[in-house]
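Architecture at a glance
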Amino acid sequence: MPPGAAQPRFLGAALYDDPSNGYRDSFASQNTQNTFRTAPSAVNSSVYALNPDTSEAENSGAYRDDPHDPEYNPGSGQGVGFDSPRYLAEKRSAYTVPRVKSKRGLIIAGSILAAVIVLIAIVVPIYFVVIKPKSSSSNNSSVSPSNPTSTSSGQPSSAAVVTGGNGSTITMEDGTTFTYLNPFGGTWYWDPEDPFNNNAQAQSWTPPLNQTFSYGTDKIFGHVFFRSVNLGGWLNTEPVTHPLFIRNTLKPIDEWTLSEAMAADTSAGGGLSQLETHYQTFITEQDFAEIAGAGLNFVRIPLPYWAIEVRSGEPFLPKTSWTYFLKAIQWARKYGLRINLDFHALPGSQNGWNHSGKFGSINVLYGPMGIANAQRSLDYIRIIAEFISQPDYKDVVPIFGITNEPQGTPIGQDALSRYYMQAYNDVREASGIGEGNGPFISYHDGFLGLPQWAGFLPNADRIALDDHPYLCFDAQSSAPMSSYAQTPCTTWGGMMNTSMSAFGFTTAGEFSNAVTDCGLYVNGVGVGTRYEGTYTPGTWPVVGNCTTWTDWQSWNSTMISSIEQFALASMDALQNWFFWTWKIGNSSTSGVVEAPQWSYQLGLQNGWMPQDPRVASGTCANQGIWNPPLQAWQTGGAGAGQIPATVTASYTWPPAQISNAGAVSLLPSYTPTGTVATLPPPTFTYSSGSSDKTASAGDGWQNPSDTASGMVGIASCSYLNPWIGTAAPPSPLCSSGATARAVPESLITPFARQS
């Protein structure tokens, strides 16, 4: 058995074919190394009677994993050993020893009892590890989802290791192995016969996936914390994260032009399939393991709309990135990580920046195609919400950022607020109301500032506010890195504390260690830097040479410690944060990372990111960390979903007019008569005896009552290019005699829903 691996254990039957079963019962570990423990179980569990019945046990800060430890408290909830009072009481009642009448008889009886105990010690583990799993698995019927996009299979032996901790060996799908390094008590869990098991735990202080993450109350050293990274540039590419795509013969500036260039590449290994190679290699399972081992408990994953579909004239590789997002769910589940799914790129672009798919103009809630693109985006939000609200995914994807970085100033807060209200309705239609029903809905502040959203949607069910605080894109300075030691505390700490009270749950969805805009493609391709005075558009004074900030191999100990100090201050000030980003690719010219202050992984490897992010606590002295808890309705409790009618009436959809276009009634819009694409689930197959079994993975649609059709073009109306920017609307807009350019149906094959 690999070092650090937990012992094999009984795995209760998975919910493969009986939706009436509420939970998958498992005798499995959440914080185990070489000892048996019981995971929190439903009342119908085969081990429920052996579990402590104190609620304090589950939330105890003390961690004891050895029932023989002299400090172990059987009532603490840290485990029920085979020598616990409750266990032995049940055994004694079942195996009563006859009263003996002589010393000889006592000796004989004692010998018999010892033999029975030895026999039990041998038979029970064999039963739970070998016989019972086979019996449970053989009772699972096969249900094969249609049109699978992600397949995982395995042929585990009866002694296969399905869980482990620090030092255990991980075997990936391709057969390669690595050693799992997690000094924080984290445990991984993966059994192909039980693919939706949520026993994994990222660290001892982070609740395992089968327990509730209490937003606003889970504490470490008095701070409300989740700490995490973005997987930027993986499924939604941008130049700064993987500059290898930017070569002398290939000069794309965004994924649109990258896709066009790849499609035009007819050489061996060319074509759009190059993007899938990137998906396969840029982020792998090992990254998820390393993230958990770095003390992080969430990953924020940007996802573009073309993960669902593309329409005519859009060059993106459709649907393929969804396959890899399904892998992300599987890997996050395996290592106990939670996902913040961020809808990063919308049709037409919500901000005109390269990471929205196409650099250029804003075309969501802005301009002549602004309403049509918003209607289409809301459809995609609904489709994603239906998938991640399903029982097998909701605990792994508990946050949904519905739109990344909309430009609130040109769009206007009124139109953005109405869009947010409609998105809220669509998500909650899919998920239902209350804790445990679908994700938190995360709203970006649109760069309007956190105070502008104070009191937004009172009594809304589980909404969060997202801010992206960066220093590097403002006025540049030649001040040394050491001068920024307390800047995050004084700049960000107060606003986060205030927003946690005035709005509710507030996060920093992105931040970095950069204090200048130096770094390869940080601003984009071919636009220069403010620091060196080469940035366009505009005129910028020369401040210095960027080599000081990018040549990390030459950094001295002072520079390294100063960056780490800035990182710690940022973490403490922001409290609930997602660093941008986990990984930056190497330059195609130098062969090394040239935007080092944006890479968490590189910082870990070279000393400017903390090995344990908990050490950030207390870096910001006297900043007055917000004091929990959140109000009950803010976390899905009493009053959740009861938004006052006067509030909802003030945010009706659509707005009467939008910026740079005018009255919505005079603009192109879609109609709900199309087929709604449904995201396909993964397929999990495994061998059981002489047959193959397939686990039920859902049908991609949580609420069967949500039957509205999708938004498509009206045959008698005319439409502009969704990415057109500033233009006059079609005239006439709709006419029975007009030559209409209706938007075509989705190019994705709709997934057949199971009844």
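It should be noted that the structure appears before, not after, this text.
Residues numbered from 1 in each chain as written. Predicted model: local features only at pLDDT ≥ 70, side-chain atom pairs only at ≥ 80, totals over all residues. Heavy atoms only, no water.

With that settled, consider the packing of aromatic side chains. Taken as a whole, this structure holds 46 aromatic pairs when the rule is applied. Ring centres 5.9 Å apart and planes at 80° place the aromatic pair F196 and Y393 in the edge-to-face group. Here F196 is found in the loop between β5 (188-189) and β6 (219-220), whereas its partner Y393 is found in the loop between α8 (370-388) and β11 (399-401), with 197 residues between them in sequence. Y393 matches F196 in its accessibility class, with the two residues each being buried. Plain terms: the ring middles of F298 and F578 are 6.1 Å apart, the flat faces sit at 85° to each other, and that makes the pair edge-to-face. Of the two residues, F298 is situated in strand β9 (residues 298-304) and F578 in strand β15 (residues 576-579); the sequence distance between them amounts to 280 residues. Its relative accessible area of 0% is what places F578 among the buried residues. What links up through ring pairs into an aromatic cluster is the set W190, F196, W322, F325, F387, Y393 and F684. Directly above the aromatic system of W188 lies the positively charged group of K334, at a separation of 5.5 Å from the ring centroid. (Phe/Tyr/Trp six-rings, centres within 6.5 Å; stacked < 30°, edge-to-face > 60°. Helix = DSSP H or I, 4+ residues; strand = E, 2+ residues; numbered from the N terminus. Buried < 20%, exposed > 50% of the residue type's maximum accessible area, 1.4 Å probe, protein only. Lys NZ or Arg CZ within 6 Å of the ring centre and 35° of its normal.)

Attention shifts here to the state of the cysteines. The bond known as a disulfide is covalent and runs between the sulfur atoms of two cysteines. Taken as a whole and assessed by the stated rule, the structure comprises three disulfides. Each disulfide pairs two cysteine sulfurs, and for C489 the partner residue is C620, the sulfurs being separated by 1.9 Å. Judged by the sign of its S-S torsion, about -75°, the cystine formed by C489 and C620 is left-handed. Of the two residues, C489 sits in helix α11 (residues 487-502) while C620 sits in the loop between α14 (600-606) and α15 (645-650), which places them 131 residues apart along the sequence. Residue classification places C489 among the buried positions, given a relative accessible area of 9%. (Disulfide = S-S within 2.5 Å.)

A word on the packing of helix α4 (residues 255-264) against helix α5 (residues 273-282). If you want to describe how two helices pack, look at the angle between their axes and the distance between the axes. Close contact between α4 and α5 brings their axes to 8 Å; oriented N to C, the two are set at 120°. Between α4 and α5, the angle is such that the two are oblique. Of α5, the residues touching α4 (which contributes E255, L258, S259 and M262) are Q274, L275 and Y279. (Axes fitted to C-alpha atoms, helices over the stretch in contact; angles between N-to-C directions. Parallel < 35°, antiparallel > 145°, perpendicular 65-115°, else oblique. Contact = heavy atoms within 4.5 Å.)

To continue, consider unusual backbone geometry. The omega torsion of the bond from T536 to P537 falls at 5°, within 30 degrees of zero and hence cis. By the secondary structure assignment, P537 is in the loop between β14 (506-508) and α12 (547-550). Following W580, the chain continues to T581 via a peptide bond in cis, the omega torsion being 10°. Structurally, T581 is set in the loop between β15 and α14. Located in the positive-phi region is R462, a residue other than glycine, with phi close to 50°.

This next bit is on helix α6 (residues 285-293). Along an α-helix, residues three or four positions apart point the same way, because every turn accommodates 3.6 residues. Summarising burial for α6: seven of the nine residues are buried, a large majority. Regarding α6, the residues found buried are E285, D287, F288, A289, I291, A292 and G293. Phi turns positive, to about 85°, at G295, one or two residues after α6.

With that settled, the discussion passes to the packing of α6 against helix α7 (residues 320-335). Between α6 and α7, the shortest axis-to-axis distance is 9 Å and the interhelical angle comes to 35°. The crossing of α6 and α7 is right-handed. Contacts from E285, F288, A289 and A292 of α6 reach α7 at A328, W331, A332, K334 and Y335. Class assignment for the residues of the contact of α6 with α7 results in seven nonpolar, no polar and two charged. (Left-handed = near helix turned anticlockwise from the far one by under 90°. Nonpolar A, V, L, I, M, F, W, Y, C, P; charged D, E, K, R; others polar.)

What follows deals with the pairing of strand β13 (residues 463-467). In terms of burial, β13 is largely enclosed, as five of its five residues are buried. Of the two faces of β13, the one holding I463, L465 and D467 and the one holding A464 and D466 are both buried throughout. As paired elements, strand β12 (residues 440-444) and β13 share four bridges and run parallel to each other. Counted as the bridge partner of S442 is A464 from β13. Here β13 runs beside β14; their pairing, made up of three bridges, is parallel. Bridge pairing in β14 places D467 opposite A508. Taken together, β13, α11 and β14 constitute a β-α-β crossover, and its handedness is right-handed. (Pairing = 2+ DSSP bridges. Right-handed = clockwise from strand over helix to strand, strands pointing away.)

Attention now moves to the side chain of N363. The topology assignment puts N363 in the loop between β10 (338-345) and α8. What makes N363 buried here is its relative accessible area of 0%. A polar atom in the side chain of N363 sits 3.0 Å from the backbone oxygen of G348. In this structure the side chain of N363 is engaged in a polar contact, spanning 2.8 Å, whose partner is the backbone nitrogen of G725. Here N363 is in contact with G348, S349, M369, G370, N373, P722, W723, I724 and G725, once residues within four sequence places are set aside. (Polar contact = N/O pair within 3.5 Å; in protein donor to acceptor, adjacent residues only side chain to side chain.)

Tracing the backbone shows S431 in helix α10 (residues 413-431). Polar contacts involving the side chain of S431 include one to the side chain of R428, which spans 3.0 Å. At a separation of 3.4 Å, a polar atom in the side chain of S431 contacts the main-chain carbonyl oxygen of N437. Non-local contacts of S431, meaning those with residues more than four positions away in its chain, are made with S389, N437, G438 and P439.

Before going further, it helps to spend a moment on the environment of Y470. Turning to its location among the elements, Y470 is positioned in the loop between β13 and α11. The class for Y470 is buried, based on a relative accessible area of 16%. Separated by 41 residues in sequence, Y470 and F511 place their C-alpha atoms 5.7 Å apart. When near neighbours in sequence (up to four residues on either side) are disregarded, Y470 contacts W492, E510, F511, S512, W580 and W598. Side-chain polar atoms of Y470 contact the side chain of E510, separated by 2.8 Å.

For the structure on display, the rule yields 15 salt bridges. For E309, the salt bridge is made with R311, and the minimal N-O distance between the two is 3.2 Å. For the residue pair E309 and R311, the accessibility class agrees, reading buried in each case. Between R530 and D517 there is a salt bridge, with its nearest N and O atoms 3.2 Å apart. Taken as a pair, R530 in the loop between β14 and α12 and D517 in the loop between β14 and α12 lie far apart in primary sequence, 13 residues in all. By relative accessible area, R530 is classed as buried at 9%. Given the relative accessible area of 0%, D517 is considered buried. (Salt bridge = Lys/Arg side-chain N within 4 Å of Asp/Glu carboxyl O.)

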